[in-house]
Amino acid sequence: MIVTTEVDPEPLVRIFAAKFTAALHQPNYAALMTKSQGKFSLQSKTDPQAITVTINTEGLYVSSGVDRSSAIVIHLNIADPSASPKVEGLLRHPLYASAMGKLLEFPEIDWADGLKRLWDQYQDFPGMPDGITAKNTDEDRQLSVGSSDEPVYLEGSAANLAEAFSGGSPLLQLLFEGKLKGHYRFQHIVVLSDITLQMMLGAD
Amino acid sequence: MDDLEDWMDQHHIAVVRTHATNLDGTGIGKHLKRSKFLSYLPNGHGMGDIAMAMDHAGSIHMTMWHHEREPNLGDIYLRPDLNTLIYDGTDPDLGHCIGDLTNAAGQPLELCPRSLLKKITNQMSDSGYQASCTFELEFYIFQESFSDLRAAKYRHMTPISAVQKGGGIYNLRNSFQVKPFMKELVKRMEWQGIAWEGWNDEAGLGQVELNLSPLPPVQMADTVVRVKQMVYEVSCDLGHAATFMANLGGTFGSGMHMHHSLHNDAGESLFYDDSKEDSRSELMTQWTAGIVDTLPGAVSFLCPTVNSYRRFKQFAAVPMVQSWGEDNKSTALRLLSGSAKGSRIEHRLAAADVNPYLALAVTFAGGLAGVEASLPLMPEQKGLAWGLPASEKDLPINIKAAAERTKKDALLCKMLGEPLVHYWAKTREAEWLAFHTEGADATSPNPTLWEYQRYFELV
């Protein structure tokens with residue numbers, strides 16, 4: 001199954017297309033997606049952003065806005081995915097709504113795998129540090145990639161590290177919110193924030 | 001230095017306001033006590049390097065890096081160009097001085113728009129080309145004050161205009177309504193030695209066009225940033241609001257048409273050749289070819305904000321395609337090639353919110369590239385360039401697409417420097433991201449509150 005978007009996609013379209021693309025690497029998720037044909041929309045509760053996801057035999061297509069022919073419309077707080085969504089069309093399409101709910105539970109990414117993948121892909125990116133050390137404070141476990149006397153050091157929960165290294169949020173946002181802490185040079189954190197933003201938006 | 005102090009004594013200067021622009025064109029600087037200003041010469045005063053790496057909303061550029069930025073934050077310098085020192089006229093103690101952003105060693109920064117324009121014009125001088133240019137400034141004036149409009153969230157704005165519906169252009173009753181504002185503006189301009197040619201009622205309600213007298217490029221751009229600042233100050237002093245936002249929702253947006261011509265050191269036109277049937281010199285043809293060729297890549301610099309792209313409407317006096325034509329106001333470049341004195345190019349693409357230094361730099365970079373590569377000029381657009389079928393000549397008409405074209409323009413990357421072009425493109429992508437994710441309704445056919453709050457007073 002392939003994920004495609006409308007031409008000149010808006011950020012939310014890109015973000016979800018990137019999430020679906022990454023999740024498809026997991027066989028269970030790919031199987032679930034294949035069985036989930038139909039059309040649903042996601043509408044932000046806090047701003048005018050909205051997308052429509054169409055799944056058919058050809059693949060998954062993400063476009064902007066709420067399509068009136070969507071079976072269900074899920075109203076959610078984009079900034080706080082843990083907040084309960086409101087589902088329009090739930091009574092008419094309860095099974096479909098349930099399946100879509102599962103589809104939106106994207107597979108968890110292991111923070112260490114995420115860091116290794118980020119490093120493999122971007123270690124030669126201009127301005128990258130020579131190394132990154134991350135510490136999972138849940139388990140007091142540490143992982144280093146690259147080689148440096150002065151690596152970028154980041155620490156936080158496994159979930160927040162995974163959020164950063166998988167492009168769930170730009171790194172800087174997690175630092176601003178205090179979800180991650182560390183020792184680093186300004187330049188390195190800007191470059192890593194650029195990379196994680198690109199990952200979030202599904203780099204061209 | 002003695003002459004400088006004498007001049008300051010003569011004009012009672014006690015405070016000097018320094019003035020540079022960041023990439024967005026926002027004026028940045030300090031008010032310095034005279035003794036401090038003098039003590040900082042020639043290198044100028046320090047300022048946090050974030051001053052050149054900040055967007056309209058004051059957010060620091062946190063997802064883009066340029067080698068000139070300080071690794072752990074730090075200072076850059078605003079080096080005064082003493083040739084630009086003038087007295088305010090309105091404030092009896094105040095002087096103004098425009099400058100360039102430099103590093104601690106006094107070297108100009110690539111991210112300094114004024115320094116970039118100087119670099120390009122120096123290249124032109126090396127080739128024997130001197131430019132003369134001018135801008136047409138378009139802006140809207142409203143009855144209400146800035147604070148009134150802020151409080152009303154930019155609804156129910158009352159244009160200063162004789163009619164409140166329909167409009168027209170060159171309408172003398174509309175002109176009469178804005179005359180008190182314009183009279184104050186041109187009075188202050190003259191106090192500061194800014195030469196102007198005329199002003200008139202424009203097509204939008206409350207819209208005015210102000211024509212400045214031609215100058216060499218850097219002085220012209222200096223003049224534009226000064227006049228824009230002055231329009232803001234006159235608005236505040238008279239209790240009105242004026243804006244250089246590119247589009248306020250009506251048919252007619254505000255552009256900033258740029259005219260330029262090239263001449264040699266003796267002042268002879270390099271665009272005119274009376275031996276040619278079309279009177280265009282080979283240089284003018286190649287120069288035009290370069291500007292046309294780089295036009296899609298230049299759109300991003302010429303239309304820098306999300307709001308800039310709302311101007312792009314067919315038949316709304318905005319070029320929609322990569323094109324040129326002799327005395328054709330629907331094309332991107334309008335050539336006027338009839339005489340040695342008047343041969344020039346009118347570039348009609350820039351929005352009123354453009355940074356004038358970057359606008360001239362990207363235009364001249366295109367021209368230089370055209371001459372260097374002896375580029376052939378695409379066929380002239382003979383008819384109207386609006387309402388044409390879709391083609392590869394269509395210009396990018398949103399901020400993201402324009403940034404993509406800029407990054408891919410090899411000629412502009414070569415002439416302006418790839419790091420600068422890529423940094424610029426990233427700033428535009430950040431603007432696009434902010435627009436979509438900070439509460440604006442991207443589907444709105446009219447300017448959103450987000451645009452008014454971000455641009456109305458600052459561009």
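The structure displayed is predicted, hence computed values, not measured ones.

## Side note on the overall build of chain A
- Counting its secondary structure elements, chain A contains seven helices and ten strands.
- Relative to the 2.2 N^0.38 estimate, which gives 17 Å for 204 residues, the radius of gyration of chain A is 18 Å and therefore close to what a compact globule would have.
- Overall, the C-alpha framework of chain A stretches about 60 × 30 × 30 Å when taken along its three principal axes.
- Burial status across chain A gives 40% buried among its 204 residues.
- Nonlocal contacts in chain A, meaning residues at least 24 apart in sequence, comprise 53% of its contacts between residues at least 6 apart.

## Let's talk about the overall build of chain B
- The helix and strand tally for chain B stands at 13 helices and 15 strands.
- Considering only C-alpha atoms, chain B reaches an extent of 60 × 50 × 45 Å along its principal axes.
- Nonlocal contacts in chain B, meaning residues at least 24 apart in sequence, comprise 72% of its contacts between residues at least 6 apart.

## Topic: the confidence of the model for chain B
- Per-chain confidence: chain B averages 95 in pLDDT, with 100% of residues scoring 70 or above.
- Interface confidence for the predicted complex, expressed as ipTM, amounts to 0.88; the pTM equals 0.94.

## Points about the nonpolar core
- By size, the foremost hydrophobic cluster in this structure holds 180 residues, and its most contacted members are Leu 302, Ala 361, Val 362 and Ala 365 of chain B.
- Beyond its immediate chain neighbours, meaning those up to four positions away, Ala 365 of chain B contacts Ile 120, Leu 412, Met 415 and Leu 416 of chain B.

## Section: the environment of Thr 406 of chain B
Residues and elements named next belong to chain B.
- Relative to the assigned elements, Thr 406 resides in helix α10 (residues 399-408).
- Looking at Thr 406, the number of C-beta atoms within 10 Å reads 25, which means it is buried.
- As a C-alpha pair, Thr 406 and Pro 396 span ten residues in sequence and 10 Å in three-dimensional space.
- The contacts of Thr 406, once residues within four sequence positions are left out, are Gly 297, Ser 300, Leu 412, Val 421, Trp 424 and Ala 425.

## Notes on α10 of chain B
- If you check which residues of α10 of chain B are buried, you get Ile 399, Lys 400, Ala 402, Ala 403, Glu 404 and Thr 406 of chain B.
- Contacts made by the buried residues of α10 of chain B are with α8 (295-302), α11 (410-416) and α12 (418-437) of chain B.

## Looking at the interface of chain A and chain B
- Taken residue by residue, the interface counts 18 residues in chain A and 17 residues in chain B.
- Per element, the largest residue contribution to the side of chain A that touches chain B is seven residues, and it comes from helix α7 (residues 186-201) of chain A.

## Thoughts on the domain arrangement of chain B
Residue and element names in this part refer to chain B.
- Taken domain by domain, chain B comprises domain 1 (2-109) and domain 2 (123-455).
- Using only C-alpha atoms to locate each centre, domain 1 and domain 2 end up separated by 25 Å.
- Tallying the contact residues gives 18 residues for domain 1 and 20 residues for domain 2.
- Of the residues belonging to the side of domain 1 that touches domain 2, the class tally is five nonpolar, eleven polar and two charged.

## Section: the sheet that holds strand β4 (residues 59-64) of chain A
Residue and element names in this part refer to chain A.
- The sheet built from six strands is open, its strands ordered β1-β4-β3-β2-β5-β6 with mixed pairing. The sheet is open, and its two borders are formed by β1 (2-5) and β6 (86-88), each paired with just one other strand. This sheet shows a mean twist of 20 degrees between the axes of neighbouring strands, independent of strand direction.

## Examining the domain arrangement of chain A
- Looking at chain A, the domain boundaries give domain 1 (2-103) and domain 2 (111-201).
- Averaged C-alpha coordinates put domain 1 of chain A and domain 2 of chain A at centres separated by 28 Å.

## Overview of the packing of helix α4 (residues 111-122) of chain A against helix α5 (residues 158-165) of chain A
Residues and elements named next belong to chain A.
- Viewed as axis vectors pointing N to C, α4 and α5 meet at an angle of 25 degrees, and their least axial separation amounts to 8 Å. Between α4 and α5, the angle is such that the two are roughly parallel. Regarding α4 and α5, the two cross each other, and that crossing is left-handed. The segment α4 lies against α5, with Trp 111, Gly 114, Leu 115 and Leu 118 engaging Ala 158, Leu 161, Ala 162 and Phe 165.
- In terms of residue class, the contact of α4 with α5 is made up of seven nonpolar, one polar and no charged.

## Examining the sheet that holds strand β10 (residues 180-183) of chain A
Residue and element names in this part refer to chain A.
- Taken in spatial order, the four strands line up as β8-β7-β9-β10 in an open sheet, and their pairing is mixed. Looking at which strands have only one partner, the edges of the open sheet turn out to be β8 (141-146) and β10. Pairwise comparison of adjacent strand axes, ignoring direction, gives a mean angle of 20 degrees for this sheet.
- Here strand β7 (residues 131-136) runs beside β8; their pairing, made up of six bridges, is antiparallel. By the bridge assignment for β8, Ala 134 is matched with Leu 143.

## Looking at unusual backbone geometry
- Across the junction of Leu 41 of chain B and Pro 42 of chain B, the peptide omega takes the value 5 degrees, indicating a cis bond.
- Within the secondary structure layout, Pro 42 of chain B lies in the loop between α2 (34-39) and β4 (45-48).
- Even without glycine at this site, Asp 140 of chain A takes up a positive phi of about 55 degrees.
- Structurally, Asp 140 of chain A is set in the loop between β7 and β8.

## Here's the deal with the environment of Leu 82 of chain B
All names here are of chain B.
- Examined against the element boundaries, Leu 82 turns out to sit in the loop between β5 (75-80) and β6 (86-87).
- Each C-alpha atom, one on Leu 82 and one on Cys 97, is 6.7 Å from the other, the two residues being 15 residues apart in sequence.
- With residues near it in sequence (within four places) discarded, Leu 82 still touches Leu 4 and Cys 97.

## Examining the environment of Thr 305 of chain B
Residues and elements named next belong to chain B.
- As for its position among the elements, Thr 305 is in the loop between α8 and β13 (324-326).
- Owing to 25 C-beta atoms within 10 Å, Thr 305 belongs among the buried residues under this scheme.
- Along the sequence, Thr 305 and Phe 435 sit 130 residues apart, while their C-alpha atoms lie 9.9 Å from each other.
- Residue contacts for Thr 305: discarding those within four places in its chain leaves Ala 246, Asp 353, Glu 431, Tyr 455 and Val 459.

## Some points on the pairing of strand β9 (residues 196-201) of chain B
Residues and elements named next belong to chain B.
- Pairing between β9 and strand β10 (residues 207-212): five bridges, direction antiparallel. Note on β10: the bridge partner recorded for Asn 200 is Glu 209.
- Joining the antiparallel neighbours β9 and β10 is a turn of five residues, in which Gly 206 adopts a positive phi near 80 degrees.

## Quick look at helix α7 (residues 282-293) of chain B
Residues and elements named next belong to chain B.
- Taking 1.5 Å of rise per residue, twelve residues should cover 16 Å, and α7 covers 16 Å from first to last C-alpha, within 8% of that figure.
- With eleven of twelve residues buried, α7 is to be regarded as a mostly interior element.
- Among the residues of α7, those classed as buried are Leu 283, Met 284, Thr 285, Gln 286, Trp 287, Thr 288, Ala 289, Gly 290, Ile 291, Val 292 and Asp 293.

The rules behind the values
- Residues take numbers from 1 onward in each chain, read along the sequence in its written order.
- Chains and ligands are labelled by the order in which they are written, letters from A for the one and numbers from 1 for the other.
- Totals for whole chains, interfaces and linings use all residues, but because this is a predicted model, local features are given only for residues with pLDDT of at least 70 and pairs of side-chain atoms are given and counted only at 80 or more.
- A helix here means a DSSP run of H or I that spans at least four residues, while a strand means a run of E at least two residues long, and both kinds are numbered starting from the N terminus.
- Computation of the radius of gyration draws on C-alpha atoms alone. For the globule rule, the value is 2.2 Å times the number of residues to the power 0.38.
- Buried, partly exposed and exposed are defined by the number of other C-beta atoms within 10 Å of a residue's own C-beta, namely 20 or more, between the two limits, and 12 or fewer respectively, with C-beta atoms placed from the backbone.
- Whether two residues are in contact depends on their C-beta atoms, placed from the backbone: they are in contact if these lie within 7 Å.
- As a per-residue measure, pLDDT reflects the predictor's confidence and takes values from 0 up to 100.
- Each nonpolar core comprises buried Ala, Val, Leu, Ile, Met, Phe, Trp, Tyr and Cys residues, the members being joined through C-beta atoms within 7 Å.
- Note that the domain bounds were set by an automatic or database domain assignment.
- Charged means Asp, Glu, Lys or Arg here, nonpolar means Ala, Val, Leu, Ile, Met, Phe, Trp, Tyr, Cys or Pro, and polar covers whatever is left, Gly included.
- A pair of strands is treated as paired once DSSP finds two or more bridges between them.
- With axes taken as lines fitted to C-alpha atoms, and helix axes fitted only over the stretch in contact, angles between N-to-C directions fall between 0 and 180 degrees.
- The cut-offs work like this: below 35 degrees is roughly parallel, past 145 is roughly antiparallel, 65 to 115 is roughly perpendicular, and the gaps in between are oblique.
- Each helix crossing is assigned a hand: it is left-handed if the near helix lies turned anticlockwise from the far helix by less than a right angle, otherwise right-handed if that turn is clockwise.
- Expected span of a helix: the number of residues minus one, times 1.5 Å.

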